[in-house]
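Okay, here's what each chain looks like letter by letter:
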Amino acid sequence: MRIIPFNQRAGRIPETGMVSSIKLQGIIPSMQFPDDLSVETFLNTYWQQQPLLIRNAFKADFFPLEANELAGLAMEEDLESRIVLEHGERPWELRHGPFSEQDFSSLPPSHWSLLVQDVDKFVPEVQALLKHFQFIPDWRVDDIMVSYAEDQGSVGPHVDSYDVFLIQAVGTRRWKIGAMEDVQEGYLDNVDLQILKQFSVQDEWLLEPGDMLYLPPGIPHWGVAEGECVTCSVGFRAPSHQEMLEDWSQHLLETGLGRGNYKDPHLSLQTHSAEIDAGVFAQVDEIISGYKLSPAQQRRWFGRLVTRVKDHLEIDPVSPAISAETLRLEIMAGRLLSRHPFARFAFANIDPETLSLFVCGESIDLQQSDRPVVLSLCNANEDTVDLPPPEQLDTRTMAMLVLLYNSGYLLFDD
Ligand SMILES: [Mn+2]
């Protein structure tokens, strides 16, 4: 097994970007929707509604990683990796990485899978695949998980709460779809994973390299490797209502709301002192429903919420911080900026005058005239940020850029 740290991988590409776009076009063809299916039809008819199999969505050799490179990534501390063994020390045994060479050499010849999350954050060529999914808003994208399986390897019949595009990268995998009723039967007891007790096959397909299966949330599915195989899962995220409510109320409190107390200045004498009467409940309703963020606050709050990164992917600030003037001089000297591969970017109109840039759970209020720079930052992905000539970068833009740089969200490409 060979360990390929991110820096080395980036370093081996001599172009200006982490991966130059010209080079990418050569490696990865556009994702092909079937001729009779437009992106609009996909969104109207399939997205979040029903599974869709697309044959030859990618060229058969589209995938840039070797299986041993994936194993190398699973040996790294920074990546979240798991091995699932159908017949381990107990049925459906789950092991957590990082793994050692010895862990890999002691695995059985079949019925196991290695799963590595967030490979897109560590391998620019894998991140580049996300370009093909820009028909879904960036903030909905979670990660690309790559799994390697020996013959008959799978993670069992299960159901997910998120959308996923399963792209067959190497070898073949048989995907089966279960019935919605299977979910009601619940899960196996005493296993490490949530494996459905019942799985009634409704449909099945053998996916070959380049084939892609879209699954909306809530559909029982089971993908079993037929021979050695590698599968790429482009996973999406959507905040749960619980997460939204929790964060929203937290934010509300932080903005200084919620300071008053329940009041009863016109208290009338009750027959039973133990009763909480209807007038109290009316006031409670009024208090609770009175709490609202302003439309602008609500937009900022949500933008921050959905651009947060997972805890283990948090980005360290630059130390020592540099000044806007230093940054300008570097840009004038021809140095190019890229986004940190872990960083999540999004933007929104806050009101007719204000545009906010959201990066990793923070928001920066800008003006509508800053839109071109904001778009450059948001569209850069794994490429370098396409900035206007340095002499056109005004003080406000430089202040934003240096803030992003000092936070670690932008890096010099070299
Ligand atoms: Mn799944």
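Bear in mind that the values here come from a model prediction, so they are computed numbers and not experimental data.

The rules we used
Residues numbered from 1 in each chain as written. Predicted model: local features only at pLDDT ≥ 70, side-chain atom pairs only at ≥ 80, totals over all residues. Helix = DSSP H or I, 4+ residues; strand = E, 2+ residues; numbered from the N terminus. Buried ≥ 20, exposed ≤ 12 C-beta atoms within 10 Å, placed from the backbone. Contact = placed C-beta atoms within 7 Å. pLDDT = per-residue confidence, 0-100. Pairing = 2+ DSSP bridges. Axes fitted to C-alpha atoms, helices over the stretch in contact; angles between N-to-C directions. Domains from an automatic or database assignment. Nonpolar A, V, L, I, M, F, W, Y, C, P; charged D, E, K, R; others polar. Core = buried A, V, L, I, M, F, W, Y, C linked by C-beta atoms within 7 Å. Parallel < 35°, antiparallel > 145°, perpendicular 65-115°, else oblique.

**Some thoughts on the overall build of the protein chain**
For the protein chain, the count of helices and strands is 13 helices and 14 strands. Out of the 414 residues in the protein chain, the part that is buried amounts to 32%. Considering only contacts within the protein chain whose residues lie at least 6 apart along the sequence, 79% involve residues at least 24 apart.

**Overview of the confidence of the model for the protein chain**
Of the residues in the protein chain, 92% have a pLDDT of 70 or more, and the chain-wide mean is 89. The model gives residues 1-29 a pLDDT under 50, and that stretch makes 47 contacts with residues more than four places away or in other chains.

**Quick word on the sheet that holds strand 11 (residues 345-349)**
As summarised here, the arrangement of the 3 strands in space is 11-12-13, forming an open sheet in which the pairing is antiparallel. The open sheet terminates on both sides in strands that have one partner only, identified here as strand 11 and strand 13 (362-367). Taken pair by pair, the neighbouring strands of this sheet meet at an average axis angle of 25°, ignoring direction. For strand 12 (residues 354-359) and strand 13, the ladder comprises 6 bridges, and the chain directions are antiparallel. In the strand pairing of strand 13, Val359 is matched with Glu362. Across the face of the sheet, helix 12 (residues 371-379) comes into contact with strand 11, strand 12 and strand 13 while running at roughly 150° to strand 11.

**Describing the domain arrangement of the protein chain**
Here the protein chain is partitioned into domain 1 (6-236) and domain 2 (311-412). A separation of 31 Å is found between the C-alpha centroids of domain 1 and domain 2. Of the residues lining the interface, 15 residues belong to domain 1; the matching set on domain 2 comes to 11 residues. Looking at the side of domain 1 that touches domain 2 residue by residue, the class counts come to 6 nonpolar, 4 polar and 5 charged.

**Observations regarding the environment of Lys131**
The topology assignment puts Lys131 in the loop between helix 6 (124-127) and strand 5 (141-149). Residues Lys131 and Asn381, spaced 250 residues apart in sequence, show a C-alpha to C-alpha distance of 8.2 Å.

**Quick word on the nonpolar core**
One finds Leu70, Val116, Val119, Val146, Ile167 and Met212 to be the most contacted residues of the largest nonpolar core, which totals 50 residues. Where this core is concerned, the elements lending two or more residues are helix 4 (67-73), strand 2 (81-87), strand 4 (112-116), strand 5, strand 6 (164-177), strand 8 (212-215) and strand 9 (221-236). Other than its neighbours up to four places away in sequence, Met212 contacts Ile54, Ala57, Phe58, Phe165, Leu166 and Ile167. The next biggest cluster of nonpolar side chains, apart from the first, holds 23 residues, and it includes Trp139, Phe345, Met400 and Leu401.

**What about the packing of helix 11 (residues 324-332) against helix 13 (residues 395-406)?**
Where helix 11 contacts helix 13, the axes come no closer than 9 Å and their chain directions differ by 95°. As summarised for this structure, helix 11 and helix 13 are arranged roughly perpendicular, according to the angle between their axes. Judged by residue contacts, Ala324, Leu327 and Arg328 of helix 11 engage Met398, Ala399, Leu401, Val402 and Tyr405 from helix 13. A per-class count over the contact of helix 11 with helix 13 returns 7 nonpolar, no polar and 1 charged.

**Examining unusual backbone geometry**
The phi angle of most residues is negative, glycine excepted, and most peptide bonds adopt the trans form. With omega at 0°, the peptide bond leading from Gly97 into Pro98 counts as cis. Within the fold, Pro98 resides in the loop between strand 3 (91-96) and helix 5 (101-105). One non-glycine residue with positive phi stands out, namely Asn190, at about 55°.

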